[in-house]
Amino acid sequence: MQIVFLSNYFNHHQLYLANELYRLSNEKFIFIETSPMEKERISLGWQITNVPSYVYSYHSLDPHDKKNIDNLIDNADIVILGSAPYNMIKKRLHSKKITFLYWERIYKDSYGAFYKWPYRYFHHFIKYGRYSNLYLLCASAFTAADFAKTHTFVNKAFKWGYFPQAIKYNDVDKLIAKKEKNSLLWVGRLIDWKHPEKALNIAEKLKEEKIPFNLKIIGTGVLQNQIEKEIKRKNLNSSVSLLGSLPPTDVRKFMERSEIFLFTSDRNEGWGAVMNEAMNSACAIVASHSIGSVPFLGIHNDNCLIYQNDDFYDLYEKVHFLLKNNEERKRLGKKAYLTIMNSWNPSIASSRFIEVCKNLLQKQISFETSGPCSKAELLSDNWFQKK
């Protein structure tokens, strides 16, 4: 089958899934990027040096080549629309060709504002609700519920996400044993909704209680100067390191050496691929319940610890518990690693997606029992109760 993936730009979060789709489709897969990558993303190491031959930059094509690509989009067996213009799929939707919307949650801000509701309902239903051939790949555990509020994608939403590289270690127990003792890691852009300040607040309280630890923060952003000042003001220089922006390969090395990964974003974190990467690196993860990837990837007290967003003491208690319980850190880290290797990785996700597409082409919809391509539940923002 011919598969076309449309998105804004090609990066390391899509590379491994795209490679698998290219292989499984017998090289009948293309990726179309519709806009240049932003300078901020390039500075974070998102740009791929050796771009695969199946990637086309639509924004730089001449009119003749654009017309050929448009024809391919219109006639391909399967099209996946990510962060790309909706108009690119309108013709195929009207011709009943199978199409997937690949989307994070649509109400990151809130859907409580009454004055926005009629417009939101009309807008999303007109775009997505009228087409029996349009399906939803949920790149957030909250996506299906958000869309269901506009009566779209009911019983047509699949659990999905982002699938960065899944590294297989010869001996995961050895990897865990080599991790730095009492090490904490925070990774992300230093912006308000990722809440890097929570990592510093944890560090301050651990120091007050004289609990040994070291915290590394990787990332840059508008809050960098503020974070630097807070580290000095709280006298945390000896135990907290601000490492700036690092390439993805270097970030993974720090994950491999870290025992505990702090994931403190709020509901604005659509997915959060660092969750996949930290789990693959066998970190014991403490994550906010509001993050899009957490309900899909995480099981509280099984492969991670989940805290109630905006409850700092809940967050701190879980970090404190892990620092006091070495065996629990190891257990959670290993279970996190196995979750990625046994379910949430590019190889398994792509093979399941191909099977779903084959069934849809035969006019049958099928869901896996769990993991990628299982049925996405209508998950409430209050799904997690403090434990």
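Definitions and cut-offs
- Residues numbered from 1 in each chain as written.
- Predicted model: local features only at pLDDT ≥ 70, side-chain atom pairs only at ≥ 80, totals over all residues.
- Heavy atoms only, no water.
- Axes fitted to C-alpha atoms, helices over the stretch in contact; angles between N-to-C directions.
- Helix = DSSP H or I, 4+ residues; strand = E, 2+ residues; numbered from the N terminus.
- Parallel < 35°, antiparallel > 145°, perpendicular 65-115°, else oblique.
- Contact = heavy atoms within 4.5 Å.
- Nonpolar A, V, L, I, M, F, W, Y, C, P; charged D, E, K, R; others polar.
- Pairing = 2+ DSSP bridges.
- Core = buried A, V, L, I, M, F, W, Y, C linked by side-chain atoms within 4.5 Å.
- Buried < 20%, exposed > 50% of the residue type's maximum accessible area, 1.4 Å probe, protein only.
- Salt bridge = Lys/Arg side-chain N within 4 Å of Asp/Glu carboxyl O.
- Right-handed = clockwise from strand over helix to strand, strands pointing away.
- Patch = residues over 30% accessible without salt bridge, like charges linked within 9 Å, V, L, I, M, F, W, Y side chains within 5 Å.
- Areas by Shrake-Rupley, 256 points an atom, 1.4 Å probe, with all protein chains shown as cover.

1. Observations regarding the packing of helix α8 (residues 196-208) against helix α9 (residues 224-233)
Next up, step 1: Closest axis-to-axis distance for the α8/α9 pair is 11 Å, and the angle between their directions is 5°. The angle between the axes of α8 and α9 places the two elements in the roughly parallel class. When α8 is examined against α9, the residues Pro196, Glu197 and Leu200 are found in contact with a partner set consisting of Ile227, Glu230 and Ile231.
Next up, step 2: Residue composition of the contact of α8 with α9, by class: 4 nonpolar, no polar and 2 charged.

2. Digging into the sheet that holds strand β1 (residues 3-7)
Next up, step 1: The 7 strands lie next to each other as β3-β2-β1-β4-β5-β6-β7, forming an open sheet whose pairing is parallel. Among the strands making up the open sheet, the edge pair consists of β3 (55-57) and β7 (157-159). In this sheet, adjacent strand axes meet at a mean angle of 20° when their direction is disregarded.
Next up, step 2: Relative to strand β6 (residues 134-138), strand β5 (residues 98-103) runs parallel, the two sharing 5 bridges. By the bridge assignment for β6, leucine 101 is matched with leucine 136.
Next up, step 3: Strand contacts of helix α3 (residues 63-75): β1, β2 (29-33), β3 and β4 (78-81), with the helix running at about 120° to β2, the strand carrying the most contacts.
Next up, step 4: This element, helix α15 (residues 346-361), spans β1, β4, β5, β6 and β7 of the sheet and lies at about 145° to β5.

3. Some points on the nonpolar core
Next up, step 1: Core analysis: the largest hydrophobic core is formed by 88 residues, its most contacted members being Leu6, Phe100, Trp160, Met255, Phe261, Ile285 and Phe353.
Next up, step 2: Once residues within four sequence positions are removed from consideration, leucine 6 is found in contact with Ile32, Ile73, Val79, Ile80, Leu81, Gly82, Ser83, Ala84, Met88 and Ile89.

4. Brief notes about the pattern of salt bridges
Next up, step 1: Per the stated rule, a full pass over the model turns up 23 salt bridges.
Next up, step 2: Where lysine 216 meets glutamate 180, a salt bridge forms, and the shortest distance between an N and an O atom there is 3.4 Å. Of this pair, lysine 216 sits in strand β9 (residues 214-218) while glutamate 180 sits in the loop between α7 (172-177) and β8 (183-187), and the two are 36 residues apart along the sequence.
Next up, step 3: What makes glutamate 180 partly exposed here is its relative accessible area of 31%.
Next up, step 4: A salt bridge links lysine 205 to glutamate 209; the shortest N-O distance between them is 3.6 Å.
Next up, step 5: The class of lysine 205 is partly exposed, set by a relative accessible area of 22%.
Next up, step 6: With a relative accessible area of 38%, glutamate 209 lands in the partly exposed category.
Next up, step 7: Taken together, the shared-partner salt bridges connect Arg105, Asp146, Arg267 and Asp381 into one network.

5. Looking at the pairing of β2
Next up, step 1: Counting buried positions along β2 yields 5 of 5 residues, so the element is predominantly enclosed.
Next up, step 2: Assessed by its sense of winding, the connection that carries the chain from β1 through helix α1 (residues 12-24) to β2 is right-handed.
Next up, step 3: Bridge count between β2 and β3: 3 bridges; the pairing is parallel. Within the sheet, the bridge partner assigned to glutamate 33 lies in β3 and is serine 57.

6. As for a nonpolar patch on the surface
Next up, step 1: Together, Tyr121, Phe122 and Ile126 give the surface a local cluster of nonpolar side chains, amounting to about 280 Å² of exposed area.
Next up, step 2: Note on placement: tyrosine 121 falls in helix α5 (residues 117-129).
Next up, step 3: With a relative accessible area of 32%, tyrosine 121 lands in the partly exposed category.

7. Some remarks on unusual backbone geometry
Next up, step 1: The phi angle at phenylalanine 153 is positive, at roughly 60°, despite the residue not being glycine.
Next up, step 2: Its identity is not glycine, yet cysteine 373 carries a phi of approximately 70°, on the positive side.
Next up, step 3: Mapped onto the elements of the fold, cysteine 373 is located in the segment after α15.

8. Things to note about the sheet that holds strand β13 (residues 305-307)
Next up, step 1: Strand order in the open sheet formed by 6 strands is β10-β9-β8-β11-β12-β13, with parallel pairing between adjacent strands. Of all the strands in the sheet, just β10 (240-244) and β13 have a single pairing partner and so form its edges. Direction aside, neighbouring strands of the sheet carry axes that sit 20° apart on average.
Next up, step 2: Strand contacts of α8: β8, β9, β10, β11 (260-263) and β13, with the helix running at about 160° to β8, the strand carrying the most contacts.
Next up, step 3: The sheet strands contacting helix α10 (residues 248-257) are β8, β9, β10 and β11, and the helix crosses β8 at an angle near 150°.

9. Thoughts on the side chain of glutamine 14
Next up, step 1: With respect to the element layout, glutamine 14 can be found in helix α1.
Next up, step 2: Using a relative accessible area of 8% as the deciding quantity, one classes glutamine 14 as buried.
Next up, step 3: Discounting residues that sit within four places of it in the chain, glutamine 14 has contacts with Ser7, Tyr9 and Phe31.

10. Focus on the pairing of β4
Next up, step 1: Burial of the side chains of β4 extends over both faces: Ile78 and Ile80 are buried on one face and Val79 and Leu81 on the other.
Next up, step 2: Sheet analysis places β1 next to β4, joined by 4 bridges and oriented parallel. Pairing of leucine 6 across the sheet is with leucine 81, part of β4.
Next up, step 3: Pairing of β4 with β5, which is carried by 4 bridges, proceeds in the parallel orientation.

Read these as spatial facts, not as claims about activity.
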